[in-house]
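Residues per chain, in single letters:
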Amino acid sequence: MRDRRYNFWSKNVVSIKSIPRMLSVNFELTYRCPLHCLHCYSDCYNSEGAVEHELETSEVKTVLDKIYNAGCLWLTFTGGDPLMRNDFIEIYRYAQHKGFIISVMTSLNVLNEEILNMFTRYRPFYISTSLNAVTEKLYNSICQAGGTYEKTMYNIKKILNSKIHLKTQTVLAAFNFHELRQIEAFCRSKEIEFRPNALIFARLNGDFKPCRYRLPISVVLKEKVEFKNNCAIFNSRKLFKCDIASYEWVINPSGYLASCTCVREPSFNLLDSNINEAVRNISSYLKSRIFLSKSKCKNCQVWMYCHSCPGMAKLECNDWEAPISYYCDLAWQKAADRLTISNNVAL
């Protein structure tokens, strides 16, 4: 009952149509992570040198003050792995004291007793971790780090024993699809929320290596694989067909505000910028963007089946308006299958 009440309330808050607002923020505290997952979009910046580009503790607090004053309700600490920061406890407690609804996305590999005790006493809304395999060899192969499987399983058990709400994220890719049912069965046996998603896009520096691991389209269609994103919800002539820069935002480890995980332009340094002006400027720029080329995405007839977006196109093709061939082919195949089913029903 409590979950239903919360879902009803949160949907009503988000559905209020007004000027762009800062309701939800994904705060990437660091790009450092003990794992180097094959499909990870930020692994290109995962190195010890990344710490040089991260905000100081006092600067993180300044940013938290600013987003709090701007009306942010939901705050997710993510990365990389936010637990890699030595000051994570101090940052978490500061945010918790301000009253944010806090979630944490972590590999769980660097979870220690001190952090666990803090989570137990000052509970996050939920903790989310990647679970892309449940067999040791495959798990370590995907993470490209030995010994990580044992740490993850050990800390999953600790989180569950502490009665902390745990969710998993499972990317569906060519390297692990054969283990999908085992992952699902593991989650169900532990009463963990299972969230599979086949959406894979290029890295933040334009490296498209992760894209090589996308599932074959034939498998997607046969198995009715899910792609969970909201990139095509409006039939608009504008470049973006989603709620871009409306209520969800991203802040990178250097304190730059952007509209989305994939859309990093334009961005504003929150240490130097008025946050409300930054929100308005980003929103105005992106919502007014139109197609400037003869891209076939402009008048696409199967846009409602597409899982691509200008942000992913920019990362993969260095062009906001470029079609991504994989998602383009998938959309047309889905449309064709839908038409076949409709014709059969009519007969």
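For clarity, every value in this text was computed on a predicted model and none was experimentally measured.

So, how was this worked out
Residues numbered from 1 in each chain as written. Predicted model: local features only at pLDDT ≥ 70, side-chain atom pairs only at ≥ 80, totals over all residues. Heavy atoms only, no water. 1 Å grid on protein atoms, 1.4 Å probe; cavity = no way out; pocket = protein on both sides within 12 Å on 5 of 7 lines; lining within 4 Å. Points joined across faces, edges and corners; volume = space filled by probe spheres on them. Helix = DSSP H or I, 4+ residues; strand = E, 2+ residues; numbered from the N terminus. Nonpolar A, V, L, I, M, F, W, Y, C, P; charged D, E, K, R; others polar. Salt bridge = Lys/Arg side-chain N within 4 Å of Asp/Glu carboxyl O. Buried < 20%, exposed > 50% of the residue type's maximum accessible area, 1.4 Å probe, protein only. Arc of directions from axis to C-beta. Contact = heavy atoms within 4.5 Å. Pairing = 2+ DSSP bridges. Axes fitted to C-alpha atoms, helices over the stretch in contact; angles between N-to-C directions. Parallel < 35°, antiparallel > 145°, perpendicular 65-115°, else oblique. Left-handed = near helix turned anticlockwise from the far one by under 90°.

**Quick notes on the layout of surface pockets**
Counted as a void, the second largest pocket has a volume near 360 Å³. Around the second largest pocket, the lining comprises 25 residues; the ones closest to its centre are Lys241, Cys297, Cys300, Cys306 and Ser308. Contributing elements (two or more residues each) for the lining of the second largest pocket: α10 (310-317) and α11 (325-346). Per-element accounting of the lining of the second largest pocket gives the leading share, four residues, to α11. Here the lining of the second largest pocket is composed, by residue class, of 20 nonpolar, two polar and three charged.

**Considerations on the pattern of salt bridges**
Taken as a whole, this structure holds 12 salt bridges when the rule is applied. In this structure, the salt-bridge partner of Arg32 is Glu54, at a minimum N-O distance of 2.9 Å. Here Arg32 is found in the loop between β1 (24-28) and α2 (57-69), whereas its partner Glu54 is found in the loop between β1 and α2, with 22 residues between them in sequence. Here Asp87 ties to Arg85 by a salt bridge, and the two come within 2.8 Å at their closest N and O atoms. This pair shows no difference in class: Asp87 is buried, exactly as Arg85 is. Bridged by salt links that share partners, the residues Arg32, Glu54, Arg85 and Asp87 form one connected network.

**Let's talk about helix α3 (residues 88-98)**
For α3, the complete set of buried residues consists of Phe88, Ile91, Tyr92 and Ala95. All buried residues of α3 lie within an arc of 95° about the axis, which places them on one face of the element. Summarising the contacts, the buried residues of α3 are in contact with α2, β2 (74-78), β3 (101-105) and α4 (113-121). Gly99 sits one or two positions beyond α3 and adopts a positive phi of about 100°.

**Here we look at unusual backbone geometry**
Cis rather than trans, the peptide bond between Gly79 and Gly80 has omega equal to 15°. The topology assignment puts Gly80 in the loop between β2 and α3. With omega at -10°, the peptide bond leading from Glu265 into Pro266 counts as cis. With respect to the helices and strands, Pro266 occurs in the loop between β8 (256-258) and β9 (268-269). Here Leu108, not a glycine, exhibits a phi torsion of approximately 70°, which is positive. When you line up the elements, Leu108 lands in the loop between β3 and α4.

**Let's talk about the sheet that holds strand β4 (residues 126-130)**
Reading across from one edge, β6-β5-β4-β3-β2-β1-β7-β8-β9 is the order of the nine strands in this open sheet, with mixed pairing throughout. The two strands at the open ends of the sheet, each matched to only one other strand, are β6 (193-197) and β9. Where strand β5 (residues 166-171) meets β6, five bridges bridge the pair, whose relative direction is parallel. When the sheet's bridge partners are listed, Gln169 is paired in β6 with Arg195.

**Notes on the side chain of Thr129**
Residue position: Thr129 is located in strand β4. Overall, Thr129 belongs to the buried group, its relative accessible area being 1%. Apart from the residues within four sequence positions on either side, Thr129 is in contact with Thr106, Ser107, Leu108, Leu166, Lys167, Thr168 and Gln169.

**Digging into the packing of α2 against α3**
The description of two helices packed together rests on the angle between their axes and the distance between the axes. The N-to-C vectors of α2 and α3 enclose an angle of 20°; their axes lie 10 Å apart at closest approach. Between α2 and α3, the interaxial angle falls into the category roughly parallel. Note that α2 runs across α3; the crossing there is right-handed. Every residue of α3 that contacts α2 at Thr57, Val60, Lys61, Leu64, Asp65 and Tyr68 is listed here: Glu90, Ile91, Tyr94, Ala95 and Lys98.

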